[in-house]
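Close look at the chain arrangement
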Amino acid sequence: MEGRRIRRFGIRRGRGQQIHTQPHSLLPLRTTHHPPSLSNTVSCCYCDYKISSLNDPLFRLGRRRAGIFKAWFSIGVGFGLTALLAVSMILLWELASALHLLPGNSFSNLSSAILFGFSPFPSNSVSGLSISPAGAGYMLVSTLISVSLHEFGHALAAASEGIQMEYIAIFIAVLFPGALVAFNYELLQALPGFAALRVYCAGIWHNAVCCAVCGLALFLLPLILFAFYQHGESPMVLDVPSTSPLSGYLSPGDVIISLDGVRIHSSQEWMEMATLVNILAHENLNSSSYNEGFGRVSNAKGYCVPNPVLEESKIGLIENQSSCPDYLTSFVTIPCFDTNMSVDSHPNTFEPTNCLNAKDVVKFRKCGDWVTATTNGSNCTCSQDMSCLSPIQIPGFMWIEVTYYSPYSPECLKLGRKSFADSRSSEFVDSNCGGTFVFVGDIISMASSVQLTAYQPRWASKFGIYLPNVLERLLMCTFHVSLTLALLNSLPVYFLDGESVLEETLCHFTSLSPSNRGKVLQVCLLGGTLISILAFFRIFLNILDSPQSITGARLHRT
C-alpha cells in the first residue's frame, strides 16, 4: 500500500547553480510533453496497469483553480515537513530502544505500530477488524480510497504548477500493491524549490486530510443517522460466531438490556461492566470460604429463595457426593452478618448445600452485594420465609446475568413493537420479547465473543441493523490506512515520498556544497531504511508473542 510517485535525481537548478548528477529514476519518466501510447508491464516480480484517460481532466481542473490549489498545497508543505521530522524522531527513538540506550514505553510502541500499518488495538469482535472476508473487503475499499486521494493530490499539485501527468499506474511489486503517477522529468526538475515541495508533499497532505474527514464523520455519525437510528440506548447484537459461548442464546438483532442488573448503553459499557464484574468476582473469591468438593462460596451475589423450595432441593453433604448434577447449580445460604466481615469467621454457615435450577433462581428477587445493590452493609434483604442463596463458584468460572430483548422475535413482532423505544425493560420478559440467562465462565471471553453496535433502527429492518456498522468500520479502516500511508510516505527511506521531500529540503541548505548535500542525503536515506526495517521486524515479532486464550463456560437460560 504505497503511494510511490517519483524519485528526484538529476539536474537541479537554483540560485544560479546547477547540481550535476546522472539522471536516473525508479519510474519510466519521459522528456516529451505527449507520451506515446502506453503499454502495461508484466514480469515475474512486477506488473502494472497504466491509466491516461484522467490526464486532461485533472490538468484542466488544476490549471483552472491554480491559485486555490497552490494555497491548499502550501499548507501541505508545512504538514509534510512536520511529519518528516516526527517520523524521523520515532525512528531514532526506536533505534535507541533497540540498543537499550533508552527505555521503551507504550507511546513509542504505539507510534511505531501505527507507522508500519499494524493496529495498536487487539482485534476483537466488539470493536476491531478481524481477518475475515468482510475485513479484507473493508481493507481493499479503504486502500483504494486512500491511494487514489494520495495520487490525485500529486496530480493536482503538479497541474497547478503547469505540469501535466503522463499516466497513473496501479502496480504490484513482488507481493506489495501500490500506485504512482508519472510526470515530465525535465519540467519537474525546473520547478522552484517551494513549488516542488508542494508537489512532493501533496499525497501526504491529502492522506492527512482524509484522516481528519473520517474522524469527523465518525464523531458526527450519530447526528447524521439520527432520523433513522437511535444511538446510545442499548447495544444491539450484530453477530454471534458459532465459537462464541453465547451462540444459541443471543442472535443478531437482539438488544442487550443489562449485565448483572446494570443498564448497558453501548458496546464500550458492555466491556467495561464485564471487566468490573470480573474484578469484583475475583476479589470476592479471594475473601471467600472454600467449600470442599464444590468450590468457593462468594458472599457477593444472592437470590431470595422461598424456604419450601429449599426443602425440596436440599441435599446433605455425604461422603460419596461432592457436587450437584450437571443440570443443577450449587447454592448455599448467605448468613445474616456484615458483608464487610470475612466469611472465614463463619465456618459452619455454608451447609447444607442446595442444588437448584439456575433459570428458576434468577427469577427471584436479588439479595446480597450486587454491583447496584445498596444494602448499607447488610445482606439480609429477604423476608423471614425466604433465604438468601449465593451460587458456589469454581475459580475461573464467574456467575453473571445477561438480560436481553429480541425485537425481531415472532412473539415481539406480533405485538407490533418496532423499536426499543416502544417498551420498557420490565415489559420484555412479560411479553416474551426477551429474557434473562446466566453465564458461568470466563466473563471477558464471553463479552468479547459477540459483535455489538450502539445503533438501533427506528423501524424494524433486518438490513438496517448492519448499515451503521458498515459505515463505522469503513470510516475507521480508511482512517487507519490513510494514516499509515501518510506516515510511511513521510519516512526518510528509499522509494517513498520522504526521499524526495528530504532531497528538496536539503537543497535549501546553501551552506552545504552540492557534494556534501548528496552525502548527507545518502546517509539519511540509508540509515532511515535500515532503522525502518529493524523497527518493522521488532513490531512484527512482538505481535507474534501475544497469544490469546479461550476458556469454557456454562449457561442457563430463562
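Residues numbered from 1 in each chain as written. Predicted model: local features only at pLDDT ≥ 70, side-chain atom pairs only at ≥ 80, totals over all residues. Heavy atoms only, no water.

UniProt, in the comment section headed Subcellular location (unreviewed entry), describes the protein in these words: "Endomembrane system". (UniProt positions renumbered as here; feature names shortened; annotations may be inferred.)

**Description of the overall build of the protein**
Tallying secondary structure elements over the protein gives 15 helices and 20 strands in all. Here the protein, with 558 residues, has 47% of them falling under the buried criterion. Counting only carbon and sulfur atoms, one obtains 62% of the accessible surface of the protein, whose full area is about 27,600 Å². (Helix = DSSP H or I, 4+ residues; strand = E, 2+ residues; numbered from the N terminus. Buried < 20%, exposed > 50% of the residue type's maximum accessible area, 1.4 Å probe, protein only. Areas by Shrake-Rupley, 256 points an atom, 1.4 Å probe, with all protein chains shown as cover.)

**Observations regarding the UniProt feature "transmembrane region" (unreviewed entry) in the protein**
UniProt marks residues 71-93, 126-147, 167-185, 205-229, 474-496 and 520-541 with the feature "transmembrane region" (unreviewed entry), using the numbering shown here. End C-alpha atoms of residues 205-229 are separated by 34 Å, and the span's content is 80% helix alongside 4% strand. For residues 474-496, helix accounts for 65% and strand for 0%, while the C-alpha atoms at its two ends are 26 Å apart.

**Topic: the sheet that holds strand S4 (residues 165-173)**
Read across the sheet, three strands follow the order S3-S4-S5 without closing on themselves; strand pairing throughout is antiparallel. Looking at strand neighbours, the two that pair on one side only are strand S3 (46-51) and strand S5 (176-183), the edges of this open sheet. Each strand of the sheet is rotated relative to its neighbour by a mean of 25°, with strand direction disregarded. As paired strands, S4 and S5 are joined by eight bridges and run antiparallel to one another. (Pairing = 2+ DSSP bridges. Axes fitted to C-alpha atoms, helices over the stretch in contact; angles between N-to-C directions.)

**Here's the deal with the state of the cysteines**
Taken as a whole and judged by the stated rule, the model has two disulfides. The disulfide partner of Cys-304 is Cys-382, and the S-S distance across this bridge is 1.9 Å. Measuring the twist about the S-S bond at about -85°, one finds the Cys-304-Cys-382 disulfide to be left-handed. A residue pair is termed long-range when its members are at least 10 positions apart, and Cys-304 in strand S11 (residues 301-306) and Cys-382 in the loop between strand S15 (366-368) and strand S16 (386-393) qualify at 78 residues. (Disulfide = S-S within 2.5 Å.)

**With respect to the packing of aromatic side chains**
The final tally for this structure, using the stated rule, is nine aromatic pairs. With 6.1 Å between their ring centres and 20° between their planes, Phe-69 and Phe-73 make a pair best called stacked. With Phe-69 and Phe-73 both in helix H2 (residues 66-98), this residue pair falls four residues apart, about one helical turn. The two residues Phe-69 and Phe-73 agree in class, both being buried. Between Tyr-404 and Phe-437, the aromatic rings sit 5.9 Å apart at their centres with planes inclined by 50°, giving tilted as the arrangement. (Phe/Tyr/Trp six-rings, centres within 6.5 Å; stacked < 30°, edge-to-face > 60°.)

**Re the pattern of salt bridges**
According to the stated counting rule, one finds two salt bridges in the structure shown. Put simply, Lys-50 and Asp-48 hold a salt bridge, and the shortest N to O gap is 3.0 Å. A salt bridge links Glu-161 to Arg-198; the shortest N-O distance between them is 2.8 Å. Pair noted here: Glu-161 is in the loop between helix H4 (133-160) and S4 and Arg-198 is in helix H6 (residues 193-224), with a separation of 37 residues, a long-range link. We classify Glu-161 as buried; its relative accessible area is 17%. (Salt bridge = Lys/Arg side-chain N within 4 Å of Asp/Glu carboxyl O.)

**Some details on the confidence of the model for the protein**
Here the protein averages 75 in pLDDT, and 70% of its residues register 70 or above. Mean pLDDT values over the elements of the protein span from 31, in strand S2 (residues 17-19), up to 95, in H6. Across residues 315-321, confidence stays below pLDDT 50; counting only partners more than four residues off in sequence or on other chains, it has ten contacts. (pLDDT = per-residue confidence, 0-100. Contact = heavy atoms within 4.5 Å.)

**Remarks on a nonpolar patch on the surface**
A contiguous nonpolar patch, built from Leu-526, Leu-530, Ile-533, Phe-536, Phe-537, Phe-540 and Leu-541 and spanning about 650 Å² of accessible area, is present on the exposed surface. On the basis of relative accessible area, Leu-530 is assigned to the exposed category, the value being 52%. (Patch = residues over 30% accessible without salt bridge, like charges linked within 9 Å, V, L, I, M, F, W, Y side chains within 5 Å.)

**Digging into H4**
With 28 residues, H4 extends 40 Å from end C-alpha to end C-alpha; this agrees with the ideal 40 Å at 1.5 Å per step. Count one or two residues on from H4 and you reach Gly-162, which has phi positive near 90°. (Expected span 1.5 Å × (residues − 1).)

**Topic: the nonpolar core**
Core analysis: the biggest nonpolar cluster contains 29 residues, and Phe-73, Met-165 and Leu-191 have the highest contact counts within it. In terms of nonpolar packing, the next biggest core, distinct from the first, is built from 23 residues, Val-240, Leu-250, Phe-439 and Val-450 among them. (Core = buried A, V, L, I, M, F, W, Y, C linked by side-chain atoms within 4.5 Å.)

**Brief notes about the environment of Ser-97**
Examined against the element boundaries, Ser-97 turns out to sit in helix H2. Note: C-alpha distance between Ser-97 and Ala-535 (438 residues apart in sequence) is 9.9 Å.

**With respect to the packing of H4 against H6**
Between H4 and H6, the least distance of the axes is 7 Å, while the angle of their chain directions is 145°. The interaxial crossing formed by H4 with H6 has right-handed handedness. Across the interface between the two elements, Ser-146, Leu-149, His-150, Gly-153, His-154, Ala-157 and Ala-158 from H4 touch Arg-198, Val-199, Tyr-200, Ala-202, Gly-203, Ile-204, His-206, Asn-207 and Cys-210 from H6. Of the residues belonging to the contact of H4 with H6, the class tally is eight nonpolar, seven polar and one charged. (Left-handed = near helix turned anticlockwise from the far one by under 90°. Nonpolar A, V, L, I, M, F, W, Y, C, P; charged D, E, K, R; others polar.)

**Some details on unusual backbone geometry**
Among all residues except glycine, the phi angle is most often negative; among peptide bonds, the trans geometry is most common. Phi at Phe-495 takes a positive value of approximately 80°, unusual for a residue other than glycine. Structurally, the position occupied by Phe-495 is in the loop between helix H13 (467-488) and helix H14 (497-506). A residue is classified by how much of its surface remains accessible, and Phe-495, at 46% relative accessible area, is partly exposed.

**Notes on the side chain of Lys-50**
By the secondary structure assignment, Lys-50 is in strand S3. Overall, the relative accessible area of 11% leaves Lys-50 in the buried class. A polar contact is formed between the side chain of Lys-50 and the side chain of Asp-48, at a distance of 3.0 Å. Setting aside residues up to four positions removed in sequence, Lys-50 forms contacts with Leu-38, Ser-39, Asn-40, Thr-41, Tyr-167, Ile-168 and Ala-169. (Polar contact = N/O pair within 3.5 Å; in protein donor to acceptor, adjacent residues only side chain to side chain.)

**Re the environment of Phe-226**
For Phe-226, the location among the structural elements is in the loop between H6 and strand S6 (229-239). Classification of Phe-226 as exposed rests on a relative accessible area of 53%. Along the primary structure Phe-226 and Tyr-455 are separated by 229 residues, whereas in three dimensions their C-alpha atoms are 9.6 Å apart.

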